[in-house]
Protein chains: 2
Amino acid sequence: MFTSIRPDNPEGYAEALDRMKEIVQEIPGFLGYESARTPGGIGITVAYFRDEASLAVWRQNTEHQAVQRHGREHWYDAYSLHVGKVERSYSFDRR
Amino acid sequence: MFTSIRPDNPEGYAEALDRMKEIVQEIPGFLGYESARTPGGIGITVAYFRDEASLAVWRQNTEHQAVQRHGREHWYDAYSLHVGKVERSYSFDRR
């Protein structure tokens, strides 16, 4: 779970996000992500991985690490990251 | 982690949300929450509890359960709920 505060459209952000989506989707064990952002407020992105090993591939990707550094230096005012293990899930869909 | 799709301002929603915030904040072991919503898109709310026992108090609160039922009947098109255990956390703040 990645929660962040940043300006609306920092330079280079959209392109980097597109590239990160490409990379993460190639990782075996990546299950998907959901993202929401309140205009002028915080953004929350939740990414799901099958196991620690597949998450480690993402964490150790050098291109991802370079973008993380760039984000701390240029884009984000603040963020928090929580890593956890999903224990149970429920869903509802009327559609 | 609660991810939902619903209309922008369903009837009774804002009042119920205010009431739910009151109730949950009284629960010992409730640590806080973060919420983001993309206009016209999905909303993600992440609530943090100290342990399973404090989460159970929230889950079993009868007023909360009544609002959940009302939400399924009247507000939400779809939602998913994932319950998990935070294993590690990182944060960054330049401010």
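All figures in this text were calculated on a predicted structure; none of them were measured in a lab.

S.K.: Help me out: how do you make sense of the packing of aromatic side chains in this one?
M.R.: Any aromatic ring pair is given by two values, namely how distant the centres are and how the planes are angled relative to each other. Residues and elements named next belong to chain A. Taken as a whole and assessed by the stated rule, the structure comprises 12 aromatic pairs over all chains. Judged by centre distance (5.2 Å) and plane angle (80°), the rings of tyrosine 13 and tryptophan 75 are edge-to-face. One end of the pair, tyrosine 13, is in helix α1 (residues 13-25); the other, tryptophan 75, is in helix α3 (residues 62-75), and 62 residues separate them in sequence. For tyrosine 13, a relative accessible area of 15% translates into the label buried.

S.K.: Got a minute to help me understand the sheet that holds strand β2 (residues 30-37) of chain A in this structure?
M.R.: Two pairing modes exist for strands in a sheet, parallel and antiparallel, and in both the strands are linked by backbone hydrogen bonds. Strand order in the open sheet made by the eight strands is β2(A)-β3(A)-β1(A)-β4(A)-β4(B)-β1(B)-β3(B)-β2(B), with antiparallel pairing throughout. Edge positions in the sheet fall to β2 of chain A together with β2 (30-37) of chain B, since each of these pairs with one other strand and no more. Across the sheet, the mean angle from the axis of one strand to that of its neighbour is 25°, orientation sign disregarded.

S.K.: Could you clarify how one ought to interpret the interface of chain B and chain A in this entry?
M.R.: When the parts come together, some accessible area is lost, and that loss is often what is quoted as the size of the interface. The partner chain A presents 42 residues to the 42 residues of chain B that form the contact. Between chain B and chain A, a total of about 3500 Å² is buried, with carbon and sulfur atoms accounting for 53% of that surface. Here chain B is connected to chain A by two salt bridges. The shortest N-O distance in the salt bridge between Arg88(B) and Glu52(A) comes to 3.0 Å.

S.K.: Would you take a moment to explain the pattern of salt bridges for this structure?
M.R.: Close approach of charged atoms allows side chains of opposite charge to pair. Overall, the coordinates contain 12 salt bridges over all chains when judged by the stated rule. Residue Arg37(B) is joined to Asp8(B) by a salt bridge in which the shortest nitrogen-to-oxygen separation is 3.3 Å. Of this pair, Arg37(B) sits in strand β2 while Asp8(B) sits in the loop between β1 (2-5) and α1 (13-25), and the two are 29 residues apart along the sequence. Connected through salt bridges with shared partners, the residues Arg19(A), Glu22(A) and Glu63(A) form a single ionic network.

S.K.: What am I meant to see in the relation of the copies chain B and chain A here?
M.R.: Each copy of the chain is related to the other by a rotation around an axis and a translation along that axis. Rotating chain B by 180° and moving it 0.0 Å along the rotation axis overlays it on chain A with an RMSD of 0.0 Å. Within this description, the copies of the chain are treated as partners about a two-fold rotation axis. Both copies share a contact surface, since 100% of the interface residues of chain B are interface residues in chain A too.

S.K.: Can you walk me through the nonpolar core in this structure?
M.R.: A general feature of soluble globular proteins is that nonpolar side chains tend to end up buried together. One finds Met1(A), Ala36(A), Ile44(A), Val46(A), Tyr48(A), Met1(B), Ala36(B), Ile44(B), Val46(B) and Tyr48(B) forming the largest nonpolar core, which totals 10 residues. Of all the elements in the fold, those that place two or more residues in this core are β3 (43-49) of chain A together with β3 (43-49) of chain B. In this view, Met1(B) contacts Met1(A), Val46(A), Tyr48(A), Val86(A), Thr45(B), Val46(B), Ser80(B), Leu81(B) and His82(B); residues no more than four positions away in its chain are not counted.

S.K.: Would you explain the packing of α1(A) against α3(A) in this entry?
M.R.: When two helices pack together, their arrangement is captured by the angle between the axes and the distance separating the axes. Residues and elements named next belong to chain A. It is the contact of α1 with α3, at a shortest axis distance of 11 Å, that shows an interaxial angle of 155°. Of the possible angle classes, the one that applies to α1 and α3 is roughly antiparallel. By crossing handedness, the relation of α1 to α3 is classed as left-handed. Only Glu63, His64, Val67 and Trp75 of α3 make contact with α1, whose side of the interface consists of Tyr13, Ala16, Arg19, Met20 and Ile23.

S.K.: Explain the environment of Ile27(A) here, please?
M.R.: All names here are of chain A. Position of isoleucine 27 relative to the elements: it lies in the loop between α1 and β2. Each C-alpha atom, one on isoleucine 27 and one on alanine 56, is 10 Å from the other, the two residues being 29 residues apart in sequence. In contact with isoleucine 27, not counting residues within four places along its chain, are Ser54, Val57 and Trp58.

So, how was this worked out
Residues numbered from 1 in each chain as written. Chains lettered and ligands numbered in written order. Predicted model: local features only at pLDDT ≥ 70, side-chain atom pairs only at ≥ 80, totals over all residues. Heavy atoms only, no water. Phe/Tyr/Trp six-rings, centres within 6.5 Å; stacked < 30°, edge-to-face > 60°. Helix = DSSP H or I, 4+ residues; strand = E, 2+ residues; numbered from the N terminus. Buried < 20%, exposed > 50% of the residue type's maximum accessible area, 1.4 Å probe, protein only. Pairing = 2+ DSSP bridges. Axes fitted to C-alpha atoms, helices over the stretch in contact; angles between N-to-C directions. Contact = heavy atoms within 4.5 Å. Buried area = accessible area lost by both parts, 1.4 Å probe. Salt bridge = Lys/Arg side-chain N within 4 Å of Asp/Glu carboxyl O. Least-squares fit on C-alpha atoms with pLDDT ≥ 70 in both. Core = buried A, V, L, I, M, F, W, Y, C linked by side-chain atoms within 4.5 Å. Parallel < 35°, antiparallel > 145°, perpendicular 65-115°, else oblique. Left-handed = near helix turned anticlockwise from the far one by under 90°.

Purely geometric stuff here, so don't read any function into it on its own.
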